[in-house]
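Chain by chain, the residues run as shown.
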Amino acid sequence: MTQIEQSEVPSGVAALPTGDSRVIERMRELRSRWPSGDGVAVFNAAYLEVVERVGPALGGGGLAGREAAAQLGVRCAERYLSAVETATAGGRPPECWRPLLPYRRHPGVRPLQFALSGLQAHVGHDLVLAVVDTCRTLGCDPPDLEGEFERVGDLLALLEERIHDELMPGPDLLEIADPLAHLVSSWSLERAREAAWSAARVLWRLRGSPSLAEEFRQRTDAGAGLVGRLLLTPCR
């Protein structure tokens, strides 16, 4: 999987994002760089708050379980940071992140849409590759990481909960026929997580066929980007 290996995140990260980790510091630096209304800043702020609050307690099931969850959690976060920093430097980020980046200041897209589009890209692509990265580093197969995958998924569920609590307009502002209500109800984090787990297992099984694995990765990336683009349909 030549292209996947070239974009692999650094292997020296061995702990969950905590207050003094490189991942958290990079997310804080991005927060200070962008205006609060920026679409990527909306996702970054929600992600940062959840990881700072519950990230250090994510690992469970003994030392091995904590280390594996840490590895998976950090590699997933690194995928997001790499995409954003690549785009900021004028490079070409993964396709799943491309809808959000040019729409980040669109006046017709609401903050909730920005956050959900970012979450879709993160689960639909970043989490898939993070599983493969972690299996390669730890010398294990995806089924060995199923518990850790669920723990990281629990953190992402908290992120979705915060996004809804903080950014969903109240019932007095959101009519049932509002396009935003339709978009939000049409997307499911649970289904996205299930698809990510299946994609990670398939991609791992294809590791002996680099060209086929890369083709599958590209299709996964494009599919995540298509859903993200739909979530950014202007609603006002």
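Keep in mind that what you see is a predicted model, and the values were worked out from it rather than measured. (Residues numbered from 1 in each chain as written. Predicted model: local features only at pLDDT ≥ 70, side-chain atom pairs only at ≥ 80, totals over all residues. Heavy atoms only, no water.)

Student: Whenever I open this one, the overall build of the protein confuses me. Can you help?
Tutor: Scanning the protein from terminus to terminus reveals 10 helices and zero strands. Within the protein, counting contacts between residues at least 6 apart in sequence, those at least 24 apart form 81% of the total. As displayed, the protein has an accessible area near 10800 Å², and 52% of this comes from carbon and sulfur atoms. (Helix = DSSP H or I, 4+ residues; strand = E, 2+ residues; numbered from the N terminus. Contact = heavy atoms within 4.5 Å. Areas by Shrake-Rupley, 256 points an atom, 1.4 Å probe, with all protein chains shown as cover.)

Student: Can you help me understand the confidence of the model for the protein in this one?
Tutor: Detailed conclusions should not be drawn from predicted coordinates in areas where pLDDT is low. Across the protein, the average pLDDT comes to 84, with 83% of residues at 70 or higher. Overall, residues 1–20 carries pLDDT values under 50, and its contacts beyond four positions in sequence, including any with other chains, amount to 60 contacts. (pLDDT = per-residue confidence, 0-100.)

Student: Would you take a moment to explain the nonpolar core for this structure?
Tutor: Looking at soluble globular proteins, one finds that nonpolar side chains tend to be buried together. Grouped together as the largest cluster of nonpolar side chains are 68 residues, with contacts concentrated most on Tyr-47, Tyr-80, Trp-97, Leu-119, Leu-127 and Leu-159. For this core, the element with the highest residue contribution is helix H6 (residues 111–138), accounting for 14 residues. Every residue in contact with Tyr-47, bar those within four places of it in the chain, is listed here: Met-27, Cys-76, Ala-77, Tyr-80, His-122, Leu-155 and Leu-159. (Core = buried A, V, L, I, M, F, W, Y, C linked by side-chain atoms within 4.5 Å. Buried < 20%, exposed > 50% of the residue type's maximum accessible area, 1.4 Å probe, protein only.)

Student: Looking at this structure, I do not really get the state of the cysteines. What am I missing?
Tutor: Each disulfide is one covalent bond, formed between the sulfur atoms of two cysteines. With the rule as written, the count across this model stands at zero disulfides. For Cys-135, which is in no disulfide, the shortest distance to another cysteine sulfur is to Cys-140 and amounts to 4.2 Å. According to the relative accessible area criterion, Cys-135 is buried, its value standing at 0%. Looking at Cys-140, the relative accessible area reads 14%, which means it is buried. (Disulfide = S-S within 2.5 Å.)

Student: What am I meant to see in the pattern of salt bridges here?
Tutor: A side chain with one charge may pair with a side chain of the opposite charge, provided their charged atoms come close. Counted under the stated rule, the structure contains 17 salt bridges. With its nearest N and O atoms 2.7 Å apart, the salt bridge here joins Glu-85 to Arg-26. Linking Glu-85 in helix H4 (residues 62–88) with Arg-26 in helix H2 (residues 22–33), this pair joins segments that are 59 residues apart in sequence. Of the residues examined, Glu-85 reaches a relative accessible area of 29% and is grouped as partly exposed. For Arg-26, a relative accessible area of 23% gives the class partly exposed. The salt bridge partner of Arg-217 is Glu-214, with a shortest N-O separation of 2.9 Å. In this pair, Arg-217 and Glu-214 are both assigned in helix H10 (residues 210–231), three residues apart and thus about one turn of the helix distant. (Salt bridge = Lys/Arg side-chain N within 4 Å of Asp/Glu carboxyl O.)

Student: Even after reading the chapter, I still don't get the packing of aromatic side chains, so can you show me in this structure?
Tutor: Describing an aromatic ring pair means giving the distance of the ring centres and the angle of the ring planes. One pass over the structure, following the stated rule, counts six aromatic pairs. On the basis of an interplanar angle of 45° and a centroid distance of 4.8 Å, the ring pair of Phe-149 and Trp-197 is categorised as tilted. Note that Phe-149 is positioned in helix H7 (residues 146–167) and Trp-197 in helix H9 (residues 189–205), a separation of 48 residues in sequence. Taking relative accessible area as the criterion, Trp-197 reaches 11% and is therefore assigned buried. The lysine or arginine in question, Arg-104, covers the ring of Trp-34, its NZ or CZ lying 5.0 Å from the ring centre. (Phe/Tyr/Trp six-rings, centres within 6.5 Å; stacked < 30°, edge-to-face > 60°. Lys NZ or Arg CZ within 6 Å of the ring centre and 35° of its normal.)

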